[in-house]
Structure formats: C-alpha cells, structure tokens
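Residues per chain, in single letters:
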Amino acid sequence: MRWALDEARAAPATSDVPVGAVVLDAGGAVVGRGRNRREAEGDPTAHAEVLALREASAALGRWRLDGCTLVVTLEPCTMCAGALVLARVERLVFGAFDDRAGAVGSLWDVVRDRRLNHRPQVESGVLAEESAALLVRFFSGHRRATT
C-alpha cells in the first residue's frame, strides 16, 4: 500500500484526485503503477487502477492478470471494479472506502457479484486513514481555490 500511496501523492501535481494503484505479480514484484490522470490526459478512463492494469498487462504480455494483486488507495468505482474482474485479478487490496462511488461494498459490490465468472479476494481498510487524509487535504484545498 505504501507504493500506491506514493503514486497518489504524485497525482496532485497534475490537479488530479490523489488516488494511486500498483499491481503486484504472484511473487510480490510491482508490474504496474498508476495514478489518476483524468485531468492531465483529458481521458475519463485514466483512473489509477485502469492505468496500473494496462501497465501490468503490457509488462506481463497478457491481459489475464491471474495471480496478481491490485493495491489501490481508494475503493474502486464501477468501471475499475469491472476492469479488475475482467482482467482476472486474483486479489484486491484497498485503503479508504468511497461512500459516493465505491463499487466494492459501499454503493455496489461488483467484485462479489455471483453472476460474474470471476470474483477476486478483497481486503479493505489497509492504511485507510492515510489514504483518506490525502483526499481530505486535496478536496479542502480544491474547494478553497474554487470558491
């Protein structure tokens, strides 16, 4: 989670929400990194998780990320939860819950939906306070700047 937090801390330099993600292979090596880049790239799909999954797929030379773990500082949204299910990620670890858009238990529970053919293991709340503090700091500064 520390690697994901490092990625999140780099996001505000681009005015993106500070969310970071890493993908670990079965041996625990980082094979993909990502941080939110929607604002920087003008791309609605440039979420930390999607970018980390893309980099991991390129590094491993395959789209199936079985045996891999996605670690992200914030509970994935529906798009990202769907992407990690489709990529066959074995395990998801996340920090803070997202009561407004979370799709791993907060608003929806995409990753545990029995109608889907893959359901990753989930560990939540890892370094949640530290992850949430980055978001609180970002949004408090953002709100002051826009009022």
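Attention in this report is confined to the structure presented alongside it.

1. Let's talk about the overall build of the chain
Along its length, the chain carries five helices and five strands. Against the globule reference of 15 Å for 147 residues, the chain gives a C-alpha radius of gyration of 14 Å, in line with a compact fold. Projected onto the principal axes, the alpha-carbon positions of the chain cover approximately 45 × 30 × 25 Å. Burial statistics for the chain: of 147 residues in total, 44% are counted as buried. On the chain, roughly 7,600 Å² of surface is accessible, and the fraction owed to carbon and sulfur atoms is 51%. For the chain, the distance from the average position of its 19 positive side-chain charges to the average position of its 19 negative side-chain charges is 1 Å.

2. As for the pattern of salt bridges
According to the stated counting rule, one finds ten salt bridges in the structure shown. Here R9 makes a salt bridge to D6, at a shortest N to O gap of 3.1 Å. Within this pair, R9 and its partner D6 are both found in helix α1 (residues 2-10), separated by three residues, close to a single helical turn. Each member of the salt-bridge network shares a partner with another, and the members are R2, D6, R9 and E130.

3. Thoughts on the nonpolar core
Residues V19, V23, L65, L70, L84, V89 and L92 are the most contacted members of the largest nonpolar core, which totals 28 residues. Mapped by element, the contributors of at least two residues to this core are β1 (20-24), α3 (48-60), β3 (69-74), α4 (78-86), β4 (91-96) and α5 (128-146). For this core, the element with the highest residue contribution is α3, accounting for four residues. Not counting chain neighbours up to four residues away, the residues in contact with L84 comprise L53, L70, P76, V89, L92, V111 and P120.

4. A word on the pairing of β1
When you tally the buried positions in β1, you get five out of five residues, the bulk of the element. Residues of β1 alternate between two faces, with G20, V22 and L24 on one and A21 and V23 on the opposite face, all of them buried. Here five bridges tie β1 to strand β2 (residues 30-35), and the two strands are oriented antiparallel to one another. Within the sheet, the bridge partner assigned to G20 lies in β2 and is R35.

5. Digging into the sheet that holds β4
Strand order in the open sheet formed by five strands is β2-β1-β3-β4-β5, with mixed pairing between adjacent strands. If you trace the sheet from one side to the other, it starts and ends with β2 and β5 (121-123), each paired once. In this sheet, neighbouring strand axes are inclined to one another by 15 degrees on average, regardless of whether the strands run parallel or antiparallel. The sheet strands contacting α1 are β1, β2 and β3, and the helix crosses β1 at an angle near 145 degrees.

6. Digging into α3
Between the first and last C-alpha of α3 there are 18 Å, a value that for 13 residues agrees with the 18 Å anticipated at 1.5 Å per step. When we look at burial in α3, the residues that qualify are A48, E49, V50, L51, A52, L53, A56 and S57. Considering only its buried residues, α3 is in contact with β1, β2, β3 and α4. Within two residues after α3, G61 carries a phi angle of roughly 75 degrees, on the positive side.

7. Looking at the side chain of D16
Counting through the fold element by element, D16 comes out in the loop between α1 and β1. As a buried residue without a salt bridge, D16 has its nearest oppositely charged side chain in R38, at a separation of 5.1 Å. Within the structure, D16 has its side chain in polar contact with the backbone nitrogen of A40 (distance 3.1 Å). In this structure D16 touches A11, N36, R37, R38, E39, A40 and F138, once residues within four positions along its chain are discounted.

Parameters and conventions
- Residues numbered from 1 in each chain as written.
- Predicted model: local features only at pLDDT ≥ 70, side-chain atom pairs only at ≥ 80, totals over all residues.
- Heavy atoms only, no water.
- Helix = DSSP H or I, 4+ residues; strand = E, 2+ residues; numbered from the N terminus.
- Rg over C-alpha atoms; globule rule 2.2 N^0.38 Å.
- Buried < 20%, exposed > 50% of the residue type's maximum accessible area, 1.4 Å probe, protein only.
- Areas by Shrake-Rupley, 256 points an atom, 1.4 Å probe, with all protein chains shown as cover.
- Lys, Arg positive; Asp, Glu negative; His and termini not counted.
- Charge placed at Lys NZ, Arg CZ, Asp CG, Glu CD.
- Salt bridge = Lys/Arg side-chain N within 4 Å of Asp/Glu carboxyl O.
- Core = buried A, V, L, I, M, F, W, Y, C linked by side-chain atoms within 4.5 Å.
- Contact = heavy atoms within 4.5 Å.
- Pairing = 2+ DSSP bridges.
- Axes fitted to C-alpha atoms, helices over the stretch in contact; angles between N-to-C directions.
- Expected span 1.5 Å × (residues − 1).
- Polar contact = N/O pair within 3.5 Å; in protein donor to acceptor, adjacent residues only side chain to side chain.

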